[in-house]
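The primary structure of each chain is shown beneath.
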Amino acid sequence: MKSYVFPGDIDPAIMAIGAEPIPYMRTQEFSDIVLESERLLLKLIGCKGGRTIIYTGSGTGAMSAVVENYITTKKKALVIDGGSFGHRWWDLCRYYGVEQIHYEVPFAKDIDYDDLEKTVAEGRPDVFLCQHHETSTGELFDLKRIGTICRKYDVSLVVDVISSFLAEELDMDALGIDIAVTSTQKGLNIPPGLSILFFSERLKDYPFAHHGYYWDFEENFSNLRRGQTPYSPATTLYLQLHARLKQLEAEGGPGKNIADVRHRCEVFRGLCRQYGWDVPAEVPSVAVTGFQTKDQNRTVFRGLIDQYDTFIMPGSVPGFYRVSHMGLQSDEDLRLLAERIHQFESSL
Ligand SMILES: *Cc1c(COP(=O)(O)O)cnc(C)c1O
């Protein structure tokens, strides 16, 4: 099998951990693994003096936790909705009755930052929710410009970095991000099932709300102080996360991984040009390539599965496909993938 979805192909050494017996987690050994993972995670994202919560649950679970515990303490949110993940922030705020400014961005377009600043100046939100990379379209938003606007108008910045962490440069403190969200099946390139919240040092004594028992921040923080979780953790995933973080530490930080993702992206974008597939994103992230083919009926998608046991991601628009660059893939893998996509497209 070849996978160009999330998490993509994973290092066999990490996969092998999944086949090992599962140790008991209420031990000092497991606590040490959790505490070291927290330390390594904070370093990778540039969150000095900050904290993490690692949840057993997918990325949306952690997004929901942020809205329950933090956004509900605010008066008004501004939500960037540039695709299905931005829409999820909007939907979560709606679900919890948060007053919000719904700032829609057209498919695969960048934000008009001057207009955004005007909206913030007029609407006066006190918290801002966005994605770094809107994975559904491949569009990358400019966190420097967003961070500058937020600082100027004293708006707390919360960013879903689920598909940009370890694919794009990301420094939480420099950007002024208060809370960042990620999960294991994207840039970390390990199996799905854990999500991670990063809290800046500024939120150290913040009076969080209590609107969801399972995701409650304070309950999680009080257990995490000693490296434990309030409820059963997905133990094996924690071990895979720890092993992956040790690999990244041995590589000297996120730089090599980011360069690898960028390289795969550049190889594949070259192939897109060769075969005449347009990449609609105005500012495309290197994490995935979203490209437009002539396929109207998912012939490419099904053909790749049935003939080659290969997965790519269909998008919301007919013929629009996405290939992730966060999993392991060689130049030759990508060449072969493009050739096969072209083969099915030519057969239409
Ligand atoms: C994958 C992803 C999510 C989370 O989705 P889950 O299925 O809950 O893991 C959220 N936001 C973005 C930008 C994503 O890419």
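This is a predicted model, so every value here is computed, not measured.

Trainee: Explain the overall build of the protein here, please?
Mentor: Of the regular secondary structure elements, the protein holds 12 helices and 14 strands. Expected size for 348 residues packed as a compact globule is a radius of gyration near 20 Å; at 20 Å, the protein falls within 12% of this value. Seen through its principal axes, the protein has C-alpha atoms that stretch 60 × 55 × 35 Å. Within the protein, buried positions represent 58% of all 348 residues. When contacts within the protein are restricted to residue pairs at least 6 apart in sequence, long-range pairs at least 24 apart make up 73% of them. Counting only carbon and sulfur atoms, one obtains 52% of the accessible surface of the protein, whose full area is about 14600 Å². Between the centroid of the 36 positive side chains of the protein and the centroid of its 48 negative side chains there is a distance of 1 Å.

Trainee: Help me understand the sheet that holds strand β13 (residues 313-314) in this model?
Mentor: As a general point, the strands of a sheet are linked pairwise by backbone hydrogen bonds and lie either parallel or antiparallel. On the basis of which strands lie adjacent, the open sheet formed by three strands has the order β11-β14-β13 and antiparallel pairing. The two strands at the open ends of the sheet, each matched to only one other strand, are β11 (288-292) and β13. Sheet topology note: the β13/strand β14 (residues 320-324) ladder contains two bridges and is antiparallel. Within β14, the position partnered with Pro314 by the bridge is Tyr321.

Trainee: Looking at this model, I keep getting lost on the sheet that holds strand β5 (residues 127-131). Mind explaining?
Mentor: Read across the sheet, seven strands follow the order β2-β10-β9-β8-β5-β3-β4 without closing on themselves; strand pairing throughout is mixed. Pairing within the sheet leaves two strands with one partner each, and these edge strands are β2 (51-56) and β4 (100-104). Strand after strand, the sheet turns through a mean of 15° between neighbouring axes, direction not considered. The pairing of strand β8 (residues 156-160) with strand β9 (residues 179-183) spans three bridges and is classified as parallel. Of the residues in β9, the one forming a bridge with Val159 is Ala180. Helix-sheet contacts for helix α3 (residues 59-69) involve β2, β5, β8, β9 and β10 (194-199), and the interaxial angle to β9 is about 160°. Where helix α9 (residues 235-250) meets the sheet, it contacts β2 and β10, and its direction lies at approximately 60° from that of β10.

Trainee: Would you take a moment to explain the packing of α3 against helix α4 (residues 84-95) for this structure?
Mentor: Between two packed helices, what matters for the description is the angle formed by their axes and the separation of those axes. Packing of α3 against α4 brings their axes to within 10 Å, and their N-to-C directions diverge by 40°. With respect to α4, the axis of α3 lies oblique. The handedness of the crossing between α3 and α4 is right-handed. Together, Thr60, Met63, Ser64, Val66 and Val67 of α3 and Phe85, Arg88, Trp89, Leu92 and Cys93 of α4 make up the contact between the two elements. For the contact of α3 with α4, the residue count by class is seven nonpolar, two polar and one charged.

Basis of the calculations
- Residues numbered from 1 in each chain as written.
- Predicted model: local features only at pLDDT ≥ 70, side-chain atom pairs only at ≥ 80, totals over all residues.
- Heavy atoms only, no water.
- Helix = DSSP H or I, 4+ residues; strand = E, 2+ residues; numbered from the N terminus.
- Rg over C-alpha atoms; globule rule 2.2 N^0.38 Å.
- Buried < 20%, exposed > 50% of the residue type's maximum accessible area, 1.4 Å probe, protein only.
- Contact = heavy atoms within 4.5 Å.
- Areas by Shrake-Rupley, 256 points an atom, 1.4 Å probe, with all protein chains shown as cover.
- Lys, Arg positive; Asp, Glu negative; His and termini not counted.
- Charge placed at Lys NZ, Arg CZ, Asp CG, Glu CD.
- Pairing = 2+ DSSP bridges.
- Axes fitted to C-alpha atoms, helices over the stretch in contact; angles between N-to-C directions.
- Parallel < 35°, antiparallel > 145°, perpendicular 65-115°, else oblique.
- Left-handed = near helix turned anticlockwise from the far one by under 90°.
- Nonpolar A, V, L, I, M, F, W, Y, C, P; charged D, E, K, R; others polar.

Coordinates in, geometry out; function isn't part of it.
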